[in-house]
Amino acid sequence: MTIADFAGAQQHGVMFSSGDAGRALYALAEIGELISSGRFSLTVAQTFPLAEIAAAHRAGEDGHVRGKLVLVVGSAI
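These numbers come from a predicted model, not from an experiment. (Residues numbered from 1 in each chain as written. Predicted model: local features only at pLDDT ≥ 70, side-chain atom pairs only at ≥ 80, totals over all residues. Heavy atoms only, no water.)

**Student:** Would you explain the overall build of the chain in this entry?
**Tutor:** Summing up its helical and strand segments, the chain has three helices and two strands in all. Mapped in sequence order, the helices and strands of the chain form the string α-α-β-α-β. Counting every position in the chain, which comprises 77 residues, the buried fraction comes to 8%. Put simply, 23% of the contacts in the chain that link residues at least 6 apart link residues at least 24 apart. Of the roughly 6,400 Å² of accessible surface on the chain, 57% is carried by carbon and sulfur atoms. (Helix = DSSP H or I, 4+ residues; strand = E, 2+ residues; numbered from the N terminus. Buried < 20%, exposed > 50% of the residue type's maximum accessible area, 1.4 Å probe, protein only. Contact = heavy atoms within 4.5 Å. Areas by Shrake-Rupley, 256 points an atom, 1.4 Å probe, with all protein chains shown as cover.)

**Student:** In this structure, what is going on with the pattern of salt bridges? I would like to understand it.
**Tutor:** It is possible for side chains of opposite charge to pair when their charged atoms get near one another. With the rule as written, the count across this model stands at one salt bridge. Between Glu33 and Arg39 there is a salt bridge, and its shortest N-O distance comes to 2.5 Å. (Salt bridge = Lys/Arg side-chain N within 4 Å of Asp/Glu carboxyl O.)

**Student:** What's the story with the environment of Glu52 in this structure? I'm lost.
**Tutor:** Inspection of the secondary structure puts Glu52 in the loop between strand S1 (44-49) and helix H3 (53-61). Residue classification places Glu52 among the partly exposed residues on the basis of a relative accessible area of 41%. Here the alpha-carbon distance between Glu52 and Leu71, two residues 19 residues apart in the chain, equals 8.3 Å.

**Student:** How should I be thinking about the pairing of S1 in this particular structure?
**Tutor:** Across a regular strand the side chains alternate sides, sitting on one face of the sheet and then on the other. Summarising the sheet, S1 and strand S2 (residues 68-72) pair through five bridges and their orientation is parallel. Residue Thr47 lies in a different strand from S2, and its bridge partner there is Val70. As a crossover connection, the stretch from S1 through H3 into S2 is right-handed. (Pairing = 2+ DSSP bridges. Right-handed = clockwise from strand over helix to strand, strands pointing away.)

**Student:** I'm lost on a nonpolar patch on the surface in this one. Help?
**Tutor:** Among the surface-exposed residues, Leu50, Ile53, Leu71 and Val73 lie close enough to one another that they form a single nonpolar patch of about 350 Å² accessible area. Looking at where Leu71 falls in the secondary structure, it is placed in strand S2. Classification of Leu71 as partly exposed rests on a relative accessible area of 35%. (Patch = residues over 30% accessible without salt bridge, like charges linked within 9 Å, V, L, I, M, F, W, Y side chains within 5 Å.)

**Student:** Would you take a moment to explain the environment of Leu71 for this structure?
**Tutor:** Between the C-alpha atom of Leu71 and that of Leu50, which follows or precedes it by 21 residues, the distance is 5.5 Å. Setting aside chain neighbours within four positions, we find Leu71 in contact with Phe48, Pro49, Leu50, Ile53 and Ala56.

**Student:** Could you clarify how one ought to interpret the confidence of the model for the chain in this entry?
**Tutor:** As a note on interpretation, predicted positions should not be read in detail where pLDDT is low. Per-residue confidence for the chain averages 79 on the pLDDT scale, and 70% of its residues sit at or above 70. Highest mean pLDDT in the chain belongs to S1 (94); lowest belongs to helix H2 (residues 23-36) (73). (pLDDT = per-residue confidence, 0-100.)

Structural data, given as structure tokens:
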């Protein structure tokens, strides 16, 4: 599935999603309140500086990550 390359999706026979089917918009409308009330959180497994994006990708490929992998842009870790 791709959300960015409509022509490529057609060429290679994969699904294309514009991401605006309503479900995501509904979640975005409520996420701020959930975060501020402390009822929503995400576990960060590991952070990587943008220069180490390949290492972040490799970490995600093994399938054993518990939490999100975060790329930090413009700041030292």
